[in-house]
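Each chain, written out:
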Amino acid sequence: MFARIVGQSFARNPRRKLLTMAALVLGITVATATLTVALEVGDRMAREFRSLGANLLVTPESDTLPLEIGGVDYRPVDEGAYLQEADLGKLKTIFWRHNILGFTPFLDVPAYVSATGGATTLIGTWYDHEVAVPDGTTFKTGVSATHPWWKIQGRWFSDAANECVVGASLAAKYPGAIAIGKTIYVAQTEKSSDIRPLVVTGIVSTGDAEDNAILVPLSVAQGISNHPGQFRQLFVSALTKPADAFAERDPKSLTPTEYDRWFCSPYISSISYQIKQVIPGVDVRAIRRVAETEGRILSRVSTLLWIVTLAALIAAGLAVAATSAAAVLERRVEIGVMKAIGATNTSVTALFLTEHLTLALIGGAIGFFLGAGLARFLGASVFGTPASPRFILLPVVLGLAILVALIGGLIPLRRAARFDPAPILRGE
Amino acid sequence: MAPLVQIENLRKEFANVRALDGVSFVVQAGEWIAIMGPSGSGKTTLINILGGLDTPTSGRAIVDGTDVARLDENGLARFRAEKIGFVFQQFHLVPYLTALENVMLAQYFHSTTDEGEAREALGRVGLTDRVEHLPGQLSGGEQQRVAVARALINHPKLILADEPTGNLDEANEGIVLKLLRELHAEGHTILMVTHAASIGQLADRRIDLAHGRLATEHAARRV
Ligand SMILES: Nc1ncnc2c1ncn2[C@@H]1O[C@H](COP(=O)(O)OP(=O)(O)O)[C@@H](O)[C@H]1O
Ligand SMILES: [Mg+2]
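Everything numeric here is computed off the predicted structure, so don't read it as measured data. (Residues numbered from 1 in each chain as written. Chains lettered and ligands numbered in written order. Predicted model: local features only at pLDDT ≥ 70, side-chain atom pairs only at ≥ 80, totals over all residues. Heavy atoms only, no water.)

Student: Go over the overall build of chain B, please, and point to the residues and values.
Tutor: Within chain B, the regular secondary structure consists of seven helices and 10 strands. Considering chain B as a whole, with its 223 residues, one finds that 56% of them fall into the buried category. Look at the contacts in chain B between residues 6 or more apart in sequence, and 69% of them connect residues 24 or more apart. Carbon and sulfur atoms provide 47% of the accessible area of chain B, an area that totals close to 9,200 Å². (Helix = DSSP H or I, 4+ residues; strand = E, 2+ residues; numbered from the N terminus. Buried < 20%, exposed > 50% of the residue type's maximum accessible area, 1.4 Å probe, protein only. Contact = heavy atoms within 4.5 Å. Areas by Shrake-Rupley, 256 points an atom, 1.4 Å probe, with all protein chains shown as cover.)

Student: Account for the overall build of chain A, with residues named and values stated.
Tutor: Within chain A, the regular secondary structure consists of 12 helices and 16 strands. Looking at chain A residue by residue over its 428 residues, the buried ones come to 49%. Counting only contacts in chain A whose residues sit at least 6 apart along the sequence, the fraction spanning at least 24 positions is 75%. For chain A, the exposed surface amounts to about 19,500 Å²; the carbon and sulfur share of it is 62%.

Student: Outline the pairing of strand β7 (residues 129-132) of chain A, listing residues and values.
Tutor: Residue and element names in this part refer to chain A. Two strands pair when backbone bridges link them, and β7 and strand β8 (residues 138-141) are joined in this way by four bridges, in the antiparallel orientation. Residue pairing in the sheet places E130 in a bridge with K140 of β8. Connecting β7 to the next strand, β8, in antiparallel fashion are five residues, including G136 with a positive phi near 100 degrees. (Pairing = 2+ DSSP bridges.)

Student: Provide a residue-level description of the packing of aromatic side chains, including the pertinent values.
Tutor: Residues and elements named next belong to chain A. One pass over the structure, following the stated rule, counts 18 aromatic pairs over all chains. Here Y259 and W262 contribute two aromatic rings whose centre-to-centre distance is 6.2 Å and whose plane-to-plane angle is 35 degrees, an arrangement assigned as tilted. Here W262 and Y259 lie together in helix α6 (residues 256-263), a separation of three residues that amounts to about one turn. Geometrically, the ring pair formed by F368 and F369 is edge-to-face, given 5.1 Å between the ring centres and 85 degrees between the ring planes. Following the ring pairs from residue to residue traces out a cluster consisting of F95, W96, Y259, W262, F263 and Y273. The lysine or arginine in question, K17, covers the ring of F10, its NZ or CZ lying 5.5 Å from the ring centre. The ring of Y82 carries R232 above its face, with NZ or CZ at 5.2 Å from the centroid. (Phe/Tyr/Trp six-rings, centres within 6.5 Å; stacked < 30°, edge-to-face > 60°. Lys NZ or Arg CZ within 6 Å of the ring centre and 35° of its normal.)

Student: How would you explain the interface of chain A and chain B if you had to name every residue and give the values?
Tutor: Between chain A and chain B, the residue contacts involve 29 residues of the former and 30 residues of the latter. Buried area between chain A and chain B, both sides added, is near 2,600 Å², and the carbon and sulfur share of it is 62%. Of all residues in chain A, the largest losses of buried area upon contact with chain B belong to M1, I341 and R426 of chain A, amounting jointly to 25% of the total for that side. Summed over the shared surface of chain A and chain B, the number is three salt bridges. Here R4 of chain A makes a salt bridge to E115 of chain B, at a shortest N to O gap of 3.9 Å. Between chain A and chain B we count 11 residue pairs in polar contact (both at pLDDT 80 or more) in total. Elements that contribute at least two residues to the side of chain A that touches chain B include exactly α1 (2-12), α9 (332-340), α10 (345-383) and α12 (421-426) of chain A. (Buried area = accessible area lost by both parts, 1.4 Å probe. Salt bridge = Lys/Arg side-chain N within 4 Å of Asp/Glu carboxyl O. Polar contact = N/O pair within 3.5 Å; in protein donor to acceptor, adjacent residues only side chain to side chain.)

Student: Can you tell me about the site of ligand 1, naming the residues and giving the values?
Tutor: Every residue close to ligand 1 is listed here: R426 of chain A together with F14, V17, A19, P38, S39, G40, S41, G42, K43, T44 and T45 of chain B. Mapping the residues near ligand 1 onto chains gives chains A and B. Residue G40 of chain B places a main-chain N or O atom 2.7 Å away from an oxygen atom belonging to ligand 1. Calculation on ligand 1 without its partners gives an accessible area of 560 Å², and the protein chains cover 72% of this total. (Near = heavy atom within 4 Å.)

Student: Please set out the sheet that holds strand β1 (residues 5-14) of chain B residue by residue, giving values where relevant.
Tutor: Residues and elements named next belong to chain B. Strand order in this open sheet of four strands is β2-β1-β4-β5, and the pairing throughout is antiparallel. Edge positions in the open sheet fall to β2 (17-27) and β5 (66-67), since each of these has one partner strand only. As defined by bridge partners, β1 adjoins strand β4 (residues 58-63) across five bridges and the pair is classed as antiparallel. Of the residues in β4, the one forming a bridge with I7 is A61.

Student: Can you tell me about the environment of L413 of chain A, naming the residues and giving the values?
Tutor: All names here are of chain A. Locating L413 in the fold gives a position in helix α11 (residues 393-418). Residue classification places L413 among the buried residues on the basis of a relative accessible area of 4%. For the pair L413 and A321, spaced 92 residues apart in the sequence, the C-alpha separation amounts to 9.3 Å. The residues touching L413, leaving out its near neighbours within four places in the chain, are V328, F352, L353 and H356.

Student: Describe the confidence of the model for chain B, naming the residues involved and giving the relevant values.
Tutor: Scored by pLDDT, chain B has a mean of 93; 96% of the residues are at 70 or more. We note a pTM of 0.67 for the whole complex and an ipTM of 0.93 for its interfaces. (pLDDT = per-residue confidence, 0-100.)

Student: So, the pattern of salt bridges: which residues are in play, and what are the values?
Tutor: All names here are of chain B. Counted by the stated rule, this structure contains 29 salt bridges over all chains. In this structure, D54 engages K12 in a salt bridge whose closest nitrogen and oxygen atoms are separated by 3.3 Å. With a gap of 42 residues between them, D54 in the loop between α1 (43-50) and β4 and K12 in strand β1 connect regions that are remote in the sequence. Of the two residues, D54 and K12, both sit in the buried class. Linking E115 and R119 is a salt bridge whose minimum nitrogen-to-oxygen distance equals 3.0 Å.

Student: How would you summarise the packing of α6 of chain A against helix α7 (residues 268-278) of chain A if you had to cite specific residues and measurements?
Tutor: Residue and element names in this part refer to chain A. Running from N to C, α6 and α7 cross one another at 95 degrees; their axes reach a closest spacing of 9 Å. The orientation of α6 with respect to α7, classified from their angle, is roughly perpendicular. Contact residues: Y259, W262 and F263 in α6; S269, S270, Y273, Q274 and Q277 in α7. Across the contact of α6 with α7, the residue classes tally to four nonpolar, four polar and no charged. (Axes fitted to C-alpha atoms, helices over the stretch in contact; angles between N-to-C directions. Parallel < 35°, antiparallel > 145°, perpendicular 65-115°, else oblique. Nonpolar A, V, L, I, M, F, W, Y, C, P; charged D, E, K, R; others polar.)

Student: Can you explain the nonpolar core? Please cite residues and give values.
Tutor: Formed by 73 residues in total, the largest nonpolar core has its most connected members in M338 of chain A together with L105, L122, V146 and M192 of chain B. In contact with M192 of chain B, not counting residues within four places along its chain, are W32, I33, A34, I35, A161, P164, L180 and I199 of chain B. Of all hydrophobic cores here, the second largest spans 47 residues; its members include L91, V133, F139 and C164 of chain A. (Core = buried A, V, L, I, M, F, W, Y, C linked by side-chain atoms within 4.5 Å.)

Student: Go over a nonpolar patch on the surface with me, naming the residues and quoting the values.
Tutor: On the surface, a nonpolar cluster with roughly 320 Å² of combined accessible area is contributed by L310, I314 and L318 of chain A. On the secondary structure map, I314 of chain A appears in helix α8 (residues 289-330). (Patch = residues over 30% accessible without salt bridge, like charges linked within 9 Å, V, L, I, M, F, W, Y side chains within 5 Å.)

Student: Would you mind going over the confidence of the model for chain A in detail, with residue names and values included?
Tutor: Counting all residues, the mean pLDDT for chain A is 86, and 91% of those residues have values of 70 or more. Taken element by element, the predicted model of chain A shows its lowest mean pLDDT in strand β3 (residues 72-73) of chain A (52) and its highest in strand β13 (residues 214-217) of chain A (95).

Below you can see the structure in the form of structure tokens.
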């Protein structure tokens, strides 16, 4: 009978409920849309930061400017300072070690390559290298972590083998001599006796200078150039917090408490500072600052979306309160009659509460689907691609709808249950 | 045998109005009482207190051994469900429930529903072919008959009817009065408020109220 009463109330007396329902649908539509877009923003931010790869460049302090023409470094090999490969494990000992997602050393070496018949840059690096960390563990890293956007055709060299990967432009220039599976011979100069055979395992395109070079395991480049255990540049991929005014402060000007807070925030500046502490004598530069600002804007957009969500839910709650107060007033005779024939306050409350919950579920479900549609549209206009519906939000949104309906309906429903039937039924 | 209704020195004061000012009387089981008096004399207040819709300021109102003044809110709800059948001047059916569902609503708040019994009650008031109609689709007289069926469905000790024919035309008034007469003949105890002397005469006894006090009490002429 309970269900029948509620059902008939919906089927035959929908007028008042439509208003409450409309309030819920609107609120939930906006909330769903903003939550969906906020999730999308979060995902995109995470993805963007992840695909970002390296965002810090570590070089020896006051290194000479590279003399690079057509992708070939014409600096004498001996010029400038080098960094020690043995120091790299220390990066995983800094305070923000878990935010160091990867790092890759680079050593550019001018070399004589048989297949090109001339000077070609060899770039020694890691693809997926195991680094010993001072705490006894190991950490696997290399360009796989710091340069995820590099496209490889074939496969990468393995760091311990006599293998190499050739830049796409270079490979295109020597289609006969350079191809996957062929062996090329490299040496420091044409006259060197230390000639090394390297099997080409892949062709890489980076959209950068590497396209005109040959990438080899770091140890090979070190051997050819006689710089064992050394390298010149380090790309670090660190998970950082978008910079704010506080991030830009000079750590020397901070009070000890401020310093702690700064040190314990994963700003690019504080991570750079910590890198300099473990590897002295280096410059640390942030790269890809464009993405940084973009991230800052996205995180502001996301904050804004949460505020809009909250505002929409509060507005819906107020509208529910107003419409259900009106509905309850209109139905007070009905409440009086129910009490006259024996209904307790509890049973009246239960009936009205169930109506509200039903409204919340229907309104929430409708709002979810409308909101998903709105999110597609918003996503398309904000990101250029529609934000896909998140079904994980459905239970969340239904829960919010119930919360809004109950909180909004609380005061009117309590008043309804306590209506004194006598004056109502007098019909005065 | 103890009287079914026993009222002693009943008083009810609203903010600044003394609606009942020391009323006492008894009603035996099976009696049909007409409560009469001018507008504002306290008739509805009296009925409401007897039916547990309102509580007296002082005095006692004992119905079937229960002093309604002593009941709390839930006690009053139980009392109304089990002992009282109300019939109002404005019918007061739930507009979105059919005739049948309106009767079953009273069963639901009393205990459990029994559709067969509810249909039977509607048949008893001559509405067999109107059970699935909504109140809006029924005439005033038909609505009041649904209300009578609803009042009867839980076998109440006391039927309280506040001007049950006040909103009806003469033909429907006749039908409802005939029903009350039948109920009385079956042994139901009825307290009925009315303005019309002609209707009052149908009852066993008249209780006249004036300014919240008992004016006269005289045995009505038996019809
Ligand atoms: N809720 C109330 N608040 C204030 N005064 C009331 C209330 N209910 C009834 N009264 C007053 O009590 C008196 C008796 O009312 P009522 O019992 O309805 O009389 P009747 O039914 O005989 O017309 C009237 O003066 C009426 O105005
Ligand atoms: Mg009255």
